[in-house]
Amino acid sequence: QDHEQLELDFDAGQWATNATEDGHLTTRTYVGIDGFMVPMVTDAEKSKRFEKAKARRQRLPRRRGVHRRPLARRQGADQRYKEFKLVAMYDQDQRHKLMRVTRHGPDRAGKMLRAMAEDIHLHRAAEVVAVTDGAEWIAGLIERNLPKKKTTVILDFYHAAEHVHQTRRIVYGEENEEGKQWAGALIDGMLHQPFDAWWEGLVKTRGRVRAAGKRKSLDGLMQYLLKRQEKLDYARFRSLGLKIGSGPTESGCKSESRRLKGVGMRWTATNAEAMMGLESLHQSNLWPTYWQSRLKAAA
């Protein structure tokens, strides 16, 4: 991947689907972006390991004429967990999928996103659909790196529903039946009605609440939803045959990090990224392509 050795035969211009409003055939590519945490070896842990290795070496008997290489003191992470960035591109039925991970920040993730778009010939797709959570850095990547005219941006429905339930717990309590009915009605309205219809009910709820903490929670929810109004038109998105959930991306984050989260495991950023590079090949069904490229390189 880093050395451009994978000769991909992906073509978004051929990722056809008839999941459209009137059943006509179109080509559609979904883009998912997310971040997830990986346990890291901290610099303090590195120092302890270095001192232990140094003490073991000092206890070993010295042999005449044998030169010992000096121990390398490698730098560890400044925190116990670091966020890695994942980008996934897939078709309507997920028969084709390309997934990659970077240990670097949003700028490198943007570069990776552009490279993946070139690899699958994203410009040939008639429709591009970005289904993500509401993180600002993800919105920035989409704004800067995907074609604006044919990209539909959707806030993952389950993230929106999660925000509603968080507010419900604060305003009504954990097990309050009235609160559950309120949240259910609001989420159902988001799913089947235009924005103005269910927004009016949310405004009325805000007007009935008097406690400062509850008002603050409702204000936070309303600001979150209002800022992403264009990404919440779920009734129209569904009528167009678009998926409104980021399940493939969430699943990718879990599969990429699963190997790295065993009991007691800690990783350097380079090694973690290398392990996830192998998992990315597996998730993208690229193992045969990888081995073919290695055989060509060897020849």
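Here goes a summary of the coordinates provided. (Residues numbered from 1 in each chain as written. Predicted model: local features only at pLDDT ≥ 70, side-chain atom pairs only at ≥ 80, totals over all residues. Heavy atoms only, no water.)

## Comments concerning the pattern of salt bridges
Defined as follows: Salt bridge, as used here: a side-chain nitrogen of Lys or Arg that lies within 4 Å of a carboxyl oxygen of Asp or Glu. In DSSP terms, a helix is any run of H or I states spanning at least four residues, a strand is any run of E spanning at least two, and both are numbered starting from the N terminus. For every residue, the accessible area (1.4 Å probe, protein chains only) is compared with the maximum for its type, and the residue is labelled buried under 20%, exposed over 50%, or partly exposed between those bounds.
Evaluation of the coordinates by the stated rule reveals 15 salt bridges. Measuring nitrogen to oxygen at the nearest pair gives 2.8 Å for the salt bridge that ties Arg28 to Glu127. Taken as a pair, Arg28 in strand E2 (residues 26-39) and Glu127 in strand E5 (residues 127-132) lie far apart in primary sequence, 99 residues in all. Judged by its relative accessible area of 1%, Arg28 falls in the buried class. Note that Asp78 is salt-bridged to Lys82, the shortest N-O span being 2.6 Å. According to the relative accessible area criterion, Lys82 is partly exposed, its value standing at 28%.

## Observations regarding the packing of aromatic side chains
Rules: Two rings from Phe, Tyr or Trp (for Trp, the six-membered ring) form a pair when their centres are within 6.5 Å of each other. A pair whose planes differ by under 30 degrees is stacked, one over 60 is edge-to-face, and the rest are tilted. Whether a charge lies above a ring is judged from NZ of Lys or CZ of Arg, which has to be within 6 Å of the ring centre and within 35 degrees of the ring normal.
Under the definition given, this model contains 13 aromatic pairs. Judged by centre distance (5.5 Å) and plane angle (75 degrees), the ring pair of Phe157 and Tyr158 falls under edge-to-face. Ring geometry for Tyr172 against Trp182: centres 5.6 Å apart, planes inclined by 40 degrees, an arrangement best described as tilted. A residue pair is termed long-range when its members are at least 10 positions apart, and Tyr172 in helix H4 (residues 157-172) and Trp182 in helix H5 (residues 177-192) qualify at 10 residues. Each member of the pair Tyr172 and Trp182 is classed as buried. Through successive ring pairs, a cluster of aromatic residues spans Phe157, Tyr158, Tyr234 and Phe237. Sitting over the ring of Trp137, Lys85 keeps its end group 5.1 Å from the ring centre.

## Remarks on unusual backbone geometry
One can expect most non-glycine residues to show negative phi and most peptide bonds to be in trans. Not every positive phi belongs to a glycine, and Gln94 is a case in point at roughly 60 degrees. Topologically, Gln94 is positioned in the loop between strand E3 (81-90) and strand E4 (97-102). A relative accessible area of 37% means that Gln94 is categorised as partly exposed. With phi around 55 degrees, Asn285 is a residue other than glycine that occupies positive phi space. Mapped onto the elements, Asn285 comes out in the loop between helix H10 (269-283) and helix H11 (287-298). A residue is classified by how much of its surface remains accessible, and Asn285, at 59% relative accessible area, is exposed.

## Focus: the pairing of E2
Quick reminder of the rule: What makes two strands pair is DSSP finding at least two bridges between them.
Most of E2 sits out of view: 13 of its 14 residues are buried. Pairing analysis gives 10 bridges linking E2 to E3, with the strands arranged antiparallel. The residue bridging Ile33 from the neighbouring strand is Val87, located in E3.

## A short note on the packing of H4 against helix H7 (residues 212-227)
Selection rule: Fitting a line to C-alpha atoms yields each axis, with helices limited to the stretch in contact; the angle taken between N-to-C directions then spans 0 to 180 degrees. Should an angle fall under 35 degrees it is called roughly parallel, over 145 degrees roughly antiparallel, and 65 to 115 degrees roughly perpendicular, with every other angle called oblique. In this description, contact between two residues means that some pair of their heavy atoms is separated by no more than 4.5 Å.
Viewed as axis vectors pointing N to C, H4 and H7 meet at an angle of 170 degrees, and their least axial separation amounts to 9 Å. In terms of orientation, H4 and H7 fall into the roughly antiparallel class. Contacts between H4 and H7 involve His163, Val164, Thr167, Ile170 and Val171 on the former and, on the latter, Gly213, Lys214, Ser217, Leu218, Leu221 and Tyr224.

## Section: empty space enclosed by the protein
Under the convention used in this document: Put plainly, a pocket is an open set of points on a 1 Å grid over the protein atoms alone with protein on both sides within 12 Å along at least five of seven lines, a cavity is a set where a 1.4 Å probe fits but cannot get out, and a lining residue has an atom within 4 Å of a point. Grid points are joined across faces, edges and corners, and a volume is the space filled by probe spheres set on the points. Polar here means any residue outside two lists: the nonpolar Ala, Val, Leu, Ile, Met, Phe, Trp, Tyr, Cys and Pro, and the charged Asp, Glu, Lys and Arg; Gly therefore counts as polar.
Going through the model one piece at a time under the given rule, you end up with 1 cavity of 30 Å³ or more. Quantified by volume, the largest cavity comes out at close to 50 Å³. What lines the largest cavity is simply Thr132, Asp133, Gly134, Ala135, Ala139, Val153, Ile154, Leu155, Arg228 and Lys231. For the lining of the largest cavity, the leading source of residues is strand E6 (residues 151-155), giving 3 residues. Its residues assigned to classes, the lining of the largest cavity shows 5 nonpolar, 2 polar and 3 charged.

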